Structures are given as C-alpha cells and as structure tokens.
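Summary of the model geometry
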Amino acid sequence: MTTTATTFAEVPLLEVRGLRTQFNTRAGVLPVVDGVSFTLGRGKVLGLVGESGSGKSVTGFSIMGLVDAPGKVVGGEVLFKGQDLTQMQPSALRQLQGDRIAMIFQDPMATLNPVLRVDTQMVEAVRAHRKVSHTQAWNHARDTLGLMGIASPEDRLRAYPHQLSGGMRQRVAIAIAMLHGPDLIIADEPTTALDVTIQAQILSEVQKLVRERGTSLVWISHDLSVVAGLADEIAVMYAGRIVEHGSVDDVLDHPQHPYTQGLIGSLP
Ligand code: ADP
Ligand code: MG
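Residues numbered from 1 in each chain as written. Chains lettered and ligands numbered in written order. Predicted model: local features only at pLDDT ≥ 70, side-chain atom pairs only at ≥ 80, totals over all residues.

Taking an unreviewed UniProt entry as the reference, the protein is identified by name as Oligopeptide/dipeptide ABC transporter ATP-binding protein belonging to Rhodoferax ferrireducens. According to the UniProt record, the Sequence similarities (unreviewed entry) comment for the protein reads "Belongs to the ABC transporter superfamily." Recorded in UniProt for the protein, the comment headed Subcellular location (unreviewed entry) runs: "Cell inner membrane". (UniProt positions renumbered as here; feature names shortened; annotations may be inferred.)

Spelled out as structure tokens, the structure:
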C-alpha cells in the first residue's frame, strides 16, 4: 500500500477552484466570474490580464471576500494555505487579511485616509498587528518607504495624502500593503492611472520588494506589456473565464487562444 502524505510545502499558497460570481442586474443575472481556477505558488507573481469588463477586478474582490450586493460569490473555493476563505466568518477573514493578505487598489485613496498624516496611518497600521512602540512602528514605516525607493521618507511621513503626487500616494499605499509582510498581495491595476515612467519605476520597486520578501503577487492589468516584465506566469481573462494560463514565455511565444493572439498582436 502506498500513502501520499501532503507536506506543508506542497500546499499551494493560493488555489482558486471554479470561482463563480454573479451580479443581479435589471437585465437579469450576470455571470461576471464564470468558473475561474488557478494556483499560485509561494513567492510567485501572476499577471492577470484581460480587457476592461472581463471580470478581473471582481475576481480580485471575490478572492478577498469584498463582493457586495448586487454581486455575490455563488460557487467555487478560494483556498489560502488550504483554508477555504469563502467559508470563513467575516471577522476571522478580516483578521487573516490584515495579517497575511493585502489588496492594493487602482485608487490609492481607497487605502489612505485623507485627513490623517501618512505617519499616523502607517504607525496605526503597524501597531494594529504588532506589539511595538510608536518609535519602532515609525521606524518600520520609514524603512518600508525606503524599500519602495522613496527618497527622504521622513518628509513623506510628515505629509498629508493630498500633499503627495499621485505616484507618491500610490507608493505609500503599496508600502502600507507591504508593512506586515503579507504572504499574498492582490494588486488591482494600481499603476494604470500613472504616467508610463512612474509606472515603470513602481513596477520595478514592487518586483524587487516581493522578490526580497518572497511575497506572492497577483497583479491585475488590462495591459499585457505591463505584466510581461513583472510576472512569472500570465493568466488571460476573457468574458469571466481564464482562457489561457502559462509561463510568460509560453503565453507570449505560443498563445493558444485567439483572444491572446490578438492581445499579443497589438503589443508595440
Ligand atoms: P475588469 O476589472 O476586468 O475591467 P470588472 O471585474 O470590474 O472588470 O467587471 C466585470 C463586469 O462585472 C462588468 O463589465 C460589469 O458588467 C459587472 N459589474 C461589476 N461591478 C458591478 C456592479 N457593481 N453592478 C453590476 N455589474 C457589475
Ligand atoms: Mg478592473
């Protein structure tokens, strides 16, 4: 008789199986995420690409348990280290997310509080999860901003969000997501609204940081060229489904699906 023992290392960090999310609209039930499955290993970066409206954001929100009415996750599993997030109590899910999973949004003000100085927000974020002094939390915030390639982080910490540029605000929001050293970050087009140079800088900073820390990352983008330089693997989403998933080289060199072939054909 053979036994197959599953060791810790074999459990993927994130396994999404047959995820289905619907929206109830006046026109009827809309299957926005329609059977999405993928596996993400520890320290891996997955680029989730697809045209606007293909269901990328709703996939991210579904994984995070952030879908609200008129939307609803109606099927599938989201296994984080083997634990199904769709079955967790909201309070336990929030706790786990605060500790181990973070989301970065297109609008940094979804993360930042406009009426609090950056240091107040970052120190609070650190101390919500770690028993450290104010000074230790402040130093940790400064160091994390520094790791994001931010020059004179002390000055940024003393600023209010509106005193920072759009790119700087997004860097701060990303740094907040990284503060606790989460195992998984889901980034929903956080650089899309920024100009190309700033976008490239932030991508390389994020890449450096996740590689150093071994963080797994799902980077959502409508732009294949953005994720091609950042990701290990690419999943292409079309009309609520993943129509193609493979290594960056496989997807770019041997696209199987006509939609992906079209995407690649349109690359500069
Ligand atoms: P993407 O991020 O790929 O651009 P989304 O995941 O935001 O696309 O949305 C996919 C589809 O889900 C949209 O085209 C829309 O039809 C539907 N959808 C998203 N949010 C809502 C909502 N709040 N109410 C109704 N339909 C929605
Ligand atoms: Mg979106």
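Here we come to the site of ligand 1. Close contacts around ligand 1 come from 14 residues, with Val32, Gly53, Lys56, Ser57 and Val58 the closest. Every element with two or more residues in the shell around ligand 1 is listed here: strand 1 (14-25), strand 2 (28-40) and helix 1 (56-64). The dominant element in the shell around ligand 1, judged by the number of residues it contributes, is helix 1, at three residues. (Near = placed C-beta within 6 Å. Helix = DSSP H or I, 4+ residues; strand = E, 2+ residues; numbered from the N terminus.)

Further remarks concern the packing of helix 6 (residues 166-178) against helix 7 (residues 196-213). The relative placement of two packed helices is expressed as an angle between their axes plus a distance between the axes. In the contact formed by helix 6 and helix 7, the axes pass within 11 Å of each other and the chain directions differ by 15°. In terms of axis orientation, helix 6 runs roughly parallel to helix 7. Like other packed secondary-structure pairs, helix 6 and helix 7 cross with a definite hand, here right-handed. Taking contact as the criterion, the partners of Gly167, Gln170, Arg171, Ile174 and Met178 in helix 6 are, on helix 7, Ile198, Ile202, Val206 and Leu209. Residues belonging to the contact of helix 6 with helix 7 are distributed by class as follows: six nonpolar, two polar and one charged. (Axes fitted to C-alpha atoms, helices over the stretch in contact; angles between N-to-C directions. Parallel < 35°, antiparallel > 145°, perpendicular 65-115°, else oblique. Left-handed = near helix turned anticlockwise from the far one by under 90°. Contact = placed C-beta atoms within 7 Å. Nonpolar A, V, L, I, M, F, W, Y, C, P; charged D, E, K, R; others polar.)

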